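Examination of the molecular architecture
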Amino acid sequence: MNTKKHKRLRRKYDQDFKVEVLKMLDSGQSASHISRSLGIGENLIYRWKKESKPPLPLPEMEGAAKLLQVMEENEALRKQLKRVEMERDILKKVVSIFSQTE
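Residues numbered from 1 in each chain as written. Predicted model: local features only at pLDDT ≥ 70, side-chain atom pairs only at ≥ 80, totals over all residues. Heavy atoms only, no water.

Some words on the environment of Ser99
Rule in force here: Think of it this way: any DSSP run of H or I at least four residues long counts as a helix, any run of E at least two long counts as a strand, and we number them from the N terminus. Any pair of nitrogen or oxygen atoms within 3.5 Å is treated as a polar contact; in protein, a donor-acceptor pairing is required on top of that, and neighbouring residues in sequence qualify only through side-chain atoms on both sides.
With respect to the helices and strands, Ser99 occurs in helix α4 (residues 63-100). Side-chain polar atoms of Ser99 contact the backbone oxygen of Ser96, separated by 2.9 Å.

Points about the side chain of Ser35
Put simply, the test is: Note on contacts: a residue pair qualifies if any of its non-hydrogen atoms lie within 4.5 Å across the two residues.
When you line up the elements, Ser35 lands in helix α2 (residues 31-38). Each residue touching Ser35, except ones within four places of it in the same chain, is listed here: Ile40, Gly41, Glu42 and Ile45.

Focus: the packing of α2 against helix α3 (residues 42-52)
To keep things clear, this is the line we draw: Axis lines are fitted to C-alpha atoms, over the contacting stretch for helices. Their N-to-C directions set the angle, which ranges from 0 to 180 degrees. By definition, any crossing whose near helix is turned counterclockwise from its far helix by less than a right angle is left-handed, and any crossing with a clockwise turn is right-handed. In this classification, the charged set is Asp, Glu, Lys and Arg, the nonpolar set is Ala, Val, Leu, Ile, Met, Phe, Trp, Tyr, Cys and Pro, and all remaining amino acids, among them Gly, are polar.
Put simply, α2 and α3 touch, their axes get as near as 8 Å, and they point 120° apart. Handedness of the α2/α3 crossing: right-handed. In contact with Ala31, Ser32, Ile34 and Ser35 of α2, α3 contributes Glu42, Ile45 and Tyr46. Of the residues belonging to the contact of α2 with α3, the class tally is 4 nonpolar, 2 polar and 1 charged.

Quick look at the nonpolar core
Within soluble globular proteins, side chains that are nonpolar tend to cluster in buried spots. Stated precisely, the cut-off is as follows: Residues belong to one nonpolar core when they are buried, are Ala, Val, Leu, Ile, Met, Phe, Trp, Tyr or Cys, and are joined through side-chain atoms within 4.5 Å. Partly exposed residues are those whose accessible area sits between 20% and 50% of the maximum for their type, while under 20% is buried and over 50% is exposed, using a 1.4 Å probe and protein chains only.
Residues Val21, Leu22, Leu25, Ala31, Ile34, Ile40, Leu44, Ile45 and Trp48 constitute the largest nonpolar core, which totals 9 residues. Of all the secondary structure elements, the ones that give two or more residues to this core are α1 (15-26), α2 and α3. In this structure Ile34 touches Val21, Met24, Leu25, Gln29 and Ile45, once residues within four positions along its chain are discounted.

Printed below as a string of structure tokens:
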């Protein structure tokens, strides 16, 4: 059995086309309607929309220092969440035990 694999060709869209699609989206047309009418993927429209948004600026702190601070805060919050979940599970078991004795 001789099967040939066909490579899918990726279509490339210029910046003007992307801008026009995003204008259509901003004017109230749904992404599904635009994708059907233009023959492009709906996910592609959402990706273009996401890529068109400017990144959020970091506060006045240096980038590396801010990143380190955020990572430390994230780790502390993870520990706190784990502790709170454990307390919740213990309380659930206690309630279960007391409700069975009635």
